[in-house]
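Here's the letter readout for the chains.
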Amino acid sequence: MADYDVVLFGATGFTGALTAEHLARSVPPGCRWALAGRNPGKLDALRTRLAESDDSLGDLPLLTADVTDEASLRAVAASAKVVISTVGPYLEYGEPLVAACAAEGTDYVDLTGEPEFVDRMYLAYHAKAAETGARLVHCCGFDSIPHDLGAHYTVQQLPEGVPLQVDGYVRVGAMPSGGTFLTAMTSFGRYSQMTRAARDRAAAEPALAGRTVRTPAGTPHRAPGTRHWAVPLPTIDPQIVGHSARASERYGPEFRYRHFAAFAHLPSLAAGAVGMGALVAAAQVPPARRALSRLLAPGQGPSPERRARSWFSVRFEGTGGGEHVTTEVSGGDPGYDETAKMLGESALCLAFDELPETAGQVTTATAMGDALIGRLTRAGMTFRTL
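All of these numbers come straight from a predicted model, not from anything done at the bench.

*Asks:* How should the packing of helix 1 (residues 14-26) against helix 2 (residues 40-51) be read in this particular structure?
*Replies:* Pairs of packed helices are described in terms of their axes, by the angle between the two and the distance that separates them. Here helix 1 crosses helix 2 at 40°, and the two axes come no closer than 11 Å. Taken together, helix 1 and helix 2 sit at an angle that is classed as oblique. By crossing handedness, the relation of helix 1 to helix 2 is classed as right-handed. The segment helix 1 lies against helix 2, with Ala17, Ala20, Glu21 and Ala24 engaging Leu46, Arg49 and Leu50. For the contact of helix 1 with helix 2, the per-class residue count stands at five nonpolar, no polar and two charged.

In structure tokens form, the structure reads like this:
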């Protein structure tokens, strides 16, 4: 029997500390959980801060581990039912802990939004995790829970056994942290490697029998209903939705998902497009990439006041079998407060809920589905049919 139900690795980073705060408020009675990281002093300082609101947390176990020390990561994985990783960029720091969890049969969740990392981890560790029973669940934050579970929720409102089409429209009012900015710059600068990893994964995955799943980019248009301007959003989210659709016949014999950013005003769209294009271009030049990464250092992020004003909404338009449905997933600050909530609840869901039998690299919709929707709804996020 594992010593801990949940271990949070990388607890002292910006999002890690927010996740620790969510767990402190949300773990069920009797939950055995611990903080892990490479700096014992910072872990102790975090524990002291958590104990200010709950004296019992003064005895919260602290585990010292480092991504450069394989034995320490194997010890953490062996001690836990579920390990949460907030240590990014994951391409640089994430693989050793995935390897340890796959080897030990330990469930794993993270908040990566890096397509290359997810594909490389599938190629390297899916088979081992399937053998040991570990569930490796990437993208358990804003990338990609609202989109993956939102598409799952939308599909459930449509007829079974017919071709289905779902479009997601994302609106966000928030600012990034240093860690997110560095992750984005790293990904923008590795387009060729990302493309190669995706191609290698596609070649390694088993072919679908009698079904098709597509995630085309789509074209700019006016979004139905709201009349917002919509442009294709090249994030990891469509990829994750597609993997969920491949794993479940409930998505129909033919499934198509498209993913868009929605803007209320054309000037906002133009400014966003120009800004994104400039960042992508700069990321191709190493000196420019390093200079931009220093603008917002990892460990920094928006203030509590700024996060309190932040929000997100993802609207889904689904059609199939002659029926149409509009759904919405919404919540507060997407990158940090809600991501900490989503990450923590994903780990608790794996640790305590009755779930489908899965193993290997799986998505939130495949591994947790309705159980996680229920948890997030009780935690304050909204899933609704409009």
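Structure shown, so let's carry the discussion forward.
*Asks:* What am I meant to see in the pattern of salt bridges here?
*Replies:* Think of it this way: side chains of opposite charge can pair up when their charged atoms draw near. Tallied over the full model, the rule gives 20 salt bridges. Between Asp107 and Arg135 there is a salt bridge, and its shortest N-O distance comes to 2.6 Å. Of this pair, Asp107 sits in strand 5 (residues 107-110) while Arg135 sits in strand 6 (residues 135-137), and the two are 28 residues apart along the sequence. Neither residue differs from the other here; Asp107 and Arg135 are each classed as buried. Between Glu116 and Arg120 there is a salt bridge; the shortest N-O distance is 3.5 Å. Pair noted here: Glu116 and Arg120 are both in helix 6 (residues 115-132), with a separation of four residues, about one helical turn. Taken together, the shared-partner salt bridges in this structure form one network comprising Glu95, Glu116, Arg120 and Arg190.

*Asks:* Which parts of the structure should I look at to understand the packing of aromatic side chains?
*Replies:* Here the distance between the centres and the angle between the planes together describe a pair of aromatic rings. Summed over all chains, the structure comprises six aromatic pairs. A ring pair is formed by Phe142 and Phe312, whose centres lie 5.2 Å apart and whose planes are at 65°; its orientation type is edge-to-face. In this pair, Phe142 is assigned in the loop between strand 6 and helix 7 (145-156) and Phe312 in strand 12 (residues 311-320), connecting sequence segments 170 residues apart. Phe142 gets classed as buried once you look at its relative accessible area, which sits at 16%.

*Asks:* How should I be thinking about the packing of helix 1 against helix 14 (residues 337-352) in this particular structure?
*Replies:* For the pair helix 1 and helix 14, the least separation of the axes is 8 Å and the interaxial angle reads 55°. Here helix 1 is positioned oblique relative to helix 14, judged by the angle of their axes. At the point where helix 1 passes helix 14, the crossing takes the right-handed sense. Contact residues: helix 1 offers Thr15, Leu18, Thr19, His22, Leu23 and Ser26, while helix 14 offers Asp337, Thr339, Ala340, Lys341, Leu343, Gly344, Glu345 and Leu348. A breakdown of the residues in the contact of helix 1 with helix 14 according to their chemical character gives five nonpolar, six polar and three charged.

Definitions and limits used
Residues numbered from 1 in each chain as written. Predicted model: local features only at pLDDT ≥ 70, side-chain atom pairs only at ≥ 80, totals over all residues. Heavy atoms only, no water. Axes fitted to C-alpha atoms, helices over the stretch in contact; angles between N-to-C directions. Helix = DSSP H or I, 4+ residues; strand = E, 2+ residues; numbered from the N terminus. Parallel < 35°, antiparallel > 145°, perpendicular 65-115°, else oblique. Left-handed = near helix turned anticlockwise from the far one by under 90°. Contact = heavy atoms within 4.5 Å. Nonpolar A, V, L, I, M, F, W, Y, C, P; charged D, E, K, R; others polar. Salt bridge = Lys/Arg side-chain N within 4 Å of Asp/Glu carboxyl O. Buried < 20%, exposed > 50% of the residue type's maximum accessible area, 1.4 Å probe, protein only. Phe/Tyr/Trp six-rings, centres within 6.5 Å; stacked < 30°, edge-to-face > 60°.

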